[in-house]
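Here is how the chains run, residue by residue.
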Amino acid sequence: MSYKIPKMTRKIRDSFPYAPARPGLWKKISDKKWNDWKWQLAHCVRSLEDLERVVSVTAAERDAFHRSNELFKMAITPYYASLMDKADPECPVRRQSVPHEGELHILPTDLEDPLAEERDMPVPGLTHRYPDRVLFYTSHVCAMFCRHCTRKRKVADSGSYAVDKQLEDGLRYIAAHKEVRDIVISGGDPLCSSDDRVEYILARLRAIKHIEILRIGSRVPVTMPQRITDRLVKIFRKYHPVYFNTHFNHPKECTREAFDACARITDAGCSLNNQMVLLKGVNDDPALVKELNHRLLLMRVRPYYIFQCDMAQGISHFRTPVEKGLEIMEALRGWTSGLAIPYYVIDSPGGGGKIPVLPNYVVSHEGKKWVLRNFRKQEFTYLEP
Ligand SMILES: *Cc1c(COP(=O)(O)O)cnc(C)c1O
Ligand code: SF4
């Protein structure tokens, strides 16, 4: 997958390494096939036999596979699998994609629908929680099933209900609700659908008079960058403003392939943002998050949210204390560009929406006097008139 980049910016692109050489299982596959997203999607690693040919599977992973595959299937694109460390089960790419014994421990406090997305569905497949925007699920498929997914139960459910009828019902609801101006097109992954279906959805939404913002929520720049073709971004271009939110969690995911995919999206005029999920053992480290955010900015991806890992079932082994998120935010603000600083939010259980959590910068406040502290913990007083 080549991308024509202006000469002066080539050295930035060159600092992004290509994915490592393909594992044995795919050595004989032609570049043409490898770079074709439909081939990637059709050849996801779904069995232990295939996984064994990509990494050295540990006994614990084998056991976790057998015990979790009924509940939440494994599916890893060949591209993403090629980023995994063969020997290290703690590899951040592996932790996000290979079953782990932690998934089997369901805590009594875990929730089946942690964000109450089902409760706030006026029609199936559409969550209307905020005054002026909706979350619209247009696909039940993902390129890869992330082990930390909050919609675990839904994404793997291939026997999903009449998706087309659901789409039309959702479009009718949006057309009838003039207060809705921003649509988050999500899933599953909306870009696991064909170009024609993506265009159909964008065109139908853009035709609705009161719709201002179209937003695509997709992880394919990370898990299957081959999906971002010139043909696809040409479609985005027709329906602007189209925003794109993606989901990078670790600097290891910032490959040359991902760089090119992001460049296509932004060159097509989309604003590209990142929603990271804070995951224990993957990215719960201030220096690592800073590095990730710097890589993202070089790809013209703006860090938008850091999500506290939610209370979905079978992901408790990924949850960090909230203090960890605060520590990360404290280590960013002031110490690096504001551009590299997202909001840290907790998507509240029970459907309260996203709530930002910030280190406390207000030392005291009495009448017109505000005592604040800066990133170096020095105090300053601001007086209101
Ligand atoms: C996250 C979310 C949105 C979009 O929220 P922003 O803060 O605007 O990014 C909309 N609806 C639902 C249900 C959501 O969970
Ligand atoms: S791409 Fe998103 S919806 Fe799909 S499995 Fe990963 S986190 Fe879940």
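Criteria and cut-off values
Residues numbered from 1 in each chain as written. Chains lettered and ligands numbered in written order. Predicted model: local features only at pLDDT ≥ 70, side-chain atom pairs only at ≥ 80, totals over all residues. Heavy atoms only, no water. Helix = DSSP H or I, 4+ residues; strand = E, 2+ residues; numbered from the N terminus. Domains from an automatic or database assignment. Contact = heavy atoms within 4.5 Å. Buried area = accessible area lost by both parts, 1.4 Å probe. Near = heavy atom within 4 Å. Polar contact = N/O pair within 3.5 Å; in protein donor to acceptor, adjacent residues only side chain to side chain. Areas by Shrake-Rupley, 256 points an atom, 1.4 Å probe, with all protein chains shown as cover. 1 Å grid on protein atoms, 1.4 Å probe; cavity = no way out; pocket = protein on both sides within 12 Å on 5 of 7 lines; lining within 4 Å. Sits in = over half its atoms within 2 Å of the grid points. Nonpolar A, V, L, I, M, F, W, Y, C, P; charged D, E, K, R; others polar. Pairing = 2+ DSSP bridges. Axes fitted to C-alpha atoms, helices over the stretch in contact; angles between N-to-C directions. Phe/Tyr/Trp six-rings, centres within 6.5 Å; stacked < 30°, edge-to-face > 60°. Buried < 20%, exposed > 50% of the residue type's maximum accessible area, 1.4 Å probe, protein only.

### What to know about unusual backbone geometry
- Cis geometry is adopted by the peptide bond preceding G188, which originates at G187 and carries an omega value of 25°.
- You can see G188 is positioned in the loop between β3 (182–186) and α10 (195–206).
- The step from H240 to P241 runs through a cis peptide bond, and the omega angle for that step is 0°.
- Looking at the element boundaries, P241 is found in the loop between α12 (230–238) and β5 (242–246).
- Although it is not a glycine, R300 adopts a positive phi angle of roughly 60°.
- With respect to the helices and strands, the residue R300 is situated in the loop between α14 (286–298) and β7 (302–307).
- Even without glycine at this site, K377 takes up a positive phi of about 65°.
- Within the secondary structure layout, K377 lies in the loop between β11 (369–373) and β12 (379–383).

### Some points on the domain arrangement of the chain
- When its domains are assigned, the chain resolves into domain 1 (7–104) and domain 2 (126–356).
- Put simply, the middle of domain 1 and the middle of domain 2, counted by C-alpha atoms, are 21 Å apart.
- Contacts between domain 1 and domain 2 engage 40 residues on the former and 45 residues on the latter.
- For the pairing of domain 1 and domain 2, the buried interface totals around 3,500 Å² over both sides, and the portion due to carbon and sulfur atoms is 60%.

### Concerning the site of ligand 1
- Within the structure, ligand 1 sits among T127, Y130, R133, L135, V184, R215, Y304, Y305 and K354.
- Separating an oxygen atom of ligand 1 from a side-chain N or O atom of R133 is a distance of 2.7 Å.
- In this structure, an oxygen atom belonging to ligand 1 sits 2.7 Å away from a side-chain N or O atom of Y304.
- Within the complex, the protein chains bury 90% of what would otherwise be the 380 Å² of accessible surface of ligand 1.
- Most atoms of ligand 1, that is more than half of them, are within 2 Å of grid points of the largest pocket.
- Among the elements of the structure, β2 (133–137) and β7 are those that each provide at least two residues to the shell around ligand 1.
- Residues of the shell around ligand 1, tallied by class, amount to 5 nonpolar, 1 polar and 3 charged.

### Concerning the sheet that holds β12
- Pairing is antiparallel across the open sheet formed by 3 strands, whose spatial order is β10-β11-β12. This sheet does not close on itself; its edge strands, each paired only once, are β10 (362–366) and β12. Across the sheet, the axes of successive neighbouring strands diverge by a mean angle of 15°, strand direction being ignored.
- Here β11 pairs with β12 via 5 bridges, running antiparallel. Across the sheet, the residue bridging to L372 is F380, located in β12.

### Some words on the packing of aromatic side chains
- Summed over all chains, the structure comprises 8 aromatic pairs.
- Taken together, a centroid distance of 4.9 Å and an interplanar angle of 50° make the contact between F16 and F259 tilted. With F16 in the loop between α1 (10–14) and α2 (31–34) and F259 in helix α13 (residues 256–267), the pair connects residues that are 243 residues apart, well separated along the chain. The two residues F16 and F259 agree in class, both being buried.
- Members of the aromatic cluster, connected to one another through ring pairs, are W26, W34 and W39.

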